[in-house]
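# Descriptive analysis of the structure
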Amino acid sequence: MSCAPVPLAVGVDIGGTKVKVCAAGLDGRLLAVATHRSRSGRPARETLAEVLDCYREAMASAALHAGGPVRAAAVGLATPGVVTEEGIGLVPNNPGMESSVPADVLSTALGVQEVAWANDVKAAAMAEHQWGQLRGTQCGLYINLGTGLSAGAVIEGRPLMGAHGAALEIGYLLPTAPARPAGHRSGSAPLEDLISGRALTRRAAALGVGHIDASEVLALAGPSGPGDAVRPEMRRLAEEAIAELVHAVVNLAVVLDPERISIGGEWPPAPRPRPSWPRSAVRWRNTCPARPRSSSPHPRTSSRCWAPSSSPTAAWAAQSLPST
């Protein structure tokens, strides 16, 4: 006698440099995660083909953990940019995804009735509010530092969307640096093009320092010690990036007055200790009239399936399932 397939909530996360799929029981217990690296700017059909490969890998692993057949009962998709019924906008790190509707494609390919679709950072903010550092707050702010740069806020239990779904796309803020990059109408995201993970890696390479990630760049900030071989221009790059980031976060804190600020993302941990804030950054922080608490999420140690930010959308989809 064959047993009925175990229903799963599946989260799909399409990022700037990788795709990730997680599968969990409807109780939130994580069963499997599959990750594939991807190339920024590739055509949407190639990215979605990579997603399907990731999905099959995750479901096969979940079946082994479940000890039997499994099925996708609810699927959530998280992507960067402004999510609309017509497609995605404001995705400088995923230009191949513009004007596509990946939720419809995945729904057909996976044989599910509907794929819940949300902006990745807004979904991550909801995950922080439900399970993480923003839990219990009436107004919480989440800053995502990854390939790109964005933020999300949860106010009275709901994500802050804005009139067009573009609220807190902070990569489009104007930086304080005098040599500002072109604005959105020129196809760029000024702050993101200056201090995102992709930008810091690119700027370090322009200084002749290759094979270094963003967290390693930021770890170079702070006073030099005896025998420190850090190049001055790399230290300046790190401190200027931190100053720009703090300036943006303080401005957000003044506007939103959050109880707590959570900072996370996909930058790997740096081998050196986290840098101390530059003096100018501390001075900016002191200008904030209210002092929200700050914290860092720890998705890899959580038993909940929210490491990919798509998991809250899968959870929202699962809530509409009939009880069994």
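The structure reproduced in this document is the subject of the present report. (Residues numbered from 1 in each chain as written. Predicted model: local features only at pLDDT ≥ 70, side-chain atom pairs only at ≥ 80, totals over all residues. Heavy atoms only, no water.)

### A short note on helix 5 (residues 197-206)
The line we're drawing: Buried, partly exposed and exposed residues are distinguished by accessible area as a fraction of the type maximum, computed with a 1.4 Å probe on protein chains only: under 20%, between the cut-offs, and over 50%, respectively. Counting from the N terminus, the helices are the DSSP runs of H or I reaching at least four residues and the strands are the DSSP runs of E reaching at least two. Arc definition: directions from the helix axis to the C-beta atoms. Throughout, a contact is declared for two residues whenever any of their heavy atoms are within 4.5 Å.
Those residues of helix 5 that fall on the buried side of the exposure criterion are G197, A199, L200 and A204. Burial along helix 5 is one-sided: seen end-on, the buried residues are contained in an arc of 160 degrees. Each element contacted by the buried residues of helix 5 is listed here: helix 4 (192-195), helix 6 (214-218) and helix 7 (232-256).

### Description of the pattern of salt bridges
Let me state the cut-off plainly: A pairing counts as a salt bridge when a side-chain nitrogen of Lys or Arg comes within 4 Å of a carboxyl oxygen of Asp or Glu.
On inspection of all chains with the given rule, the structure shows three salt bridges. The shortest N-O distance in the salt bridge between D53 and R56 comes to 2.7 Å. With D53 and R56 both in helix 1 (residues 44-66) and three residues apart, the pair spans about one turn of that helix. Across the salt bridge formed by D193 and R198, the nearest N and O atoms sit 4.0 Å from each other. For R198, a relative accessible area of 31% puts it in the partly exposed group.

### A closer look at the nonpolar core
Grouped burial of nonpolar side chains is what soluble globular proteins tend to show. The line we're drawing: Only buried Ala, Val, Leu, Ile, Met, Phe, Trp, Tyr and Cys residues count toward a nonpolar core, and they belong to the same one when joined by side-chain atoms within 4.5 Å.
Among the nonpolar cores identified, the biggest contains 36 residues, and L141, I143 and M234 are the most heavily contacted of them. Mapped onto this core, the elements with two or more residues apiece are strand 8 (139-145), strand 9 (149-155), helix 4, helix 5, helix 6 and helix 7. Look past the residues within four positions of L141 in its chain and what remains in contact with it is L134, A151, G152, A153, L168, L252, L256, P258, R260, I261 and S262. In this structure, L8, L106, V112 and W117 belong to the second largest nonpolar core, which totals 27 residues.

### A short note on the pairing of strand 3 (residues 30-37)
Where a strand is regular, its side chains alternate between the two sheet faces. Let me state the cut-off plainly: In this description, strands pair whenever DSSP reports at least two bridges between them.
Alignment of strand 2 (residues 18-25) against strand 3, held across seven bridges, turns out to be antiparallel. Within strand 3, the position partnered with C22 by the bridge is V33. Joining the antiparallel neighbours strand 2 and strand 3 is a turn of four residues, in which G28 adopts a positive phi near 95 degrees.

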